[in-house]
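Summary of structural features
The residues making up each chain are set out below.
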Amino acid sequence: MNTILRKYLSVAMPLALLLSAFAFVQPANAQTNKLIIESGDNAQTRQDAAMDKEQWNDTRSLRQKVNKRAEKEWDKTDVAFDAQDNCQKSANVNAYWEPNTLRCLDRRTGRVVAP
């Protein structure tokens, strides 16, 4: 029985290996004559762009208020800096700069001094 099995395996094994090698090899027959180019412009992107523009326009007044507030704060700081500089350069020896109120005051009276 062993001899029959050996003869069978000696013939069948190489044949099985050869057939399995052909089973895994597939011909490459891809069609490469079609080219698809998408511009990215479709209904969804147009709708998204329209919604973004609408939101941008709706928040315009809020952005303007924020910018005006920032500009106003900047102007206050700028004016206070100039006033402090003028107060410290003043010839009036009783004038001093009050950092809490951002004003130039008289030491004797506590009133605002124009340096």
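Below is a summary of the structure that appears in this document. Here, residues in each chain are numbered from 1, in the same order as that chain's written sequence. A pLDDT threshold of at least 70 governs which residues receive local features in this predicted model, and a stricter bar of 80 or more applies before side-chain atom pairs are shown or counted, although totals over entire chains, interfaces and linings include all residues. Note that the side-chain values use all heavy atoms of the structure and ignore hydrogens as well as water.

Only DSSP runs of H or I reaching four residues or more are called helices, and only runs of E reaching two or more are called strands; each is numbered from the N terminus. Along the chain, Asp-106 falls in strand E2 (residues 103–106). Relative accessibility decides the category of a residue: with a 1.4 Å probe and only protein chains considered, values under 20% of the type maximum give buried, values over 50% give exposed, and everything between is partly exposed. Assessed through its relative accessible area of 9%, Asp-106 is described here as buried. There is a polar contact of 3.1 Å between the side chain of Asp-106 and the backbone nitrogen of Arg-108. The criterion used for residue contact is that any of the two residues' heavy atoms lie within 4.5 Å. Beyond its immediate stretch of four places on either side in the chain, Asp-106 contacts Asn-94, Tyr-96, Arg-111 and Val-113. For this analysis, a polar contact is any N or O atom pair within 3.5 Å, provided that within protein one partner can donate a hydrogen and the other can accept it, and provided that sequence-adjacent residues contribute only side-chain to side-chain pairs.

Relative to E2, strand E1 (residues 95–98) is paired through 4 bridges, and the arrangement is antiparallel. If you follow Glu-98 over to E2, its bridge partner there is Arg-103. Counting the residues that bridge the hairpin from E1 to E2 gives 4 residues, and of these Leu-102 lies at a positive phi of roughly 60°. Paired strands, as defined in this entry, are two strands with at least two bridges between them according to DSSP.

For the rest of this paragraph, the subject is helix H2 (residues 43–58). Expected span of a helix, by definition, is 1.5 Å for each gap between consecutive residues, and there is one gap fewer than residues. For H2, which comprises 16 residues, the first-to-last C-alpha distance of 22 Å matches the rise-based estimate of 22 Å (1.5 Å per residue) to within 8%. Of the residues that open H2, the one with a side-chain oxygen 3.2 Å from the backbone nitrogen of Gln-44 is Asn-42.

Turning our eyes to something else, we now look at the state of the cysteines. The disulfide definition used here is simple: a pair of cysteine sulfur atoms within 2.5 Å. A complete count under the given rule lists 1 disulfide for this structure. Two residues share a disulfide in this structure: Cys-87 and Cys-104, whose sulfurs sit 2.0 Å from each other. The chirality of the disulfide connecting Cys-87 with Cys-104 is right-handed, given an S-S dihedral of about 70°. With a gap of 17 residues between them, Cys-87 in helix H3 (residues 60–89) and Cys-104 in strand E2 connect regions that are remote in the sequence. Of the residues examined, Cys-87 reaches a relative accessible area of 2% and is grouped as buried. Accessibility expressed as a relative area gives 6% for Cys-104, which makes it buried.

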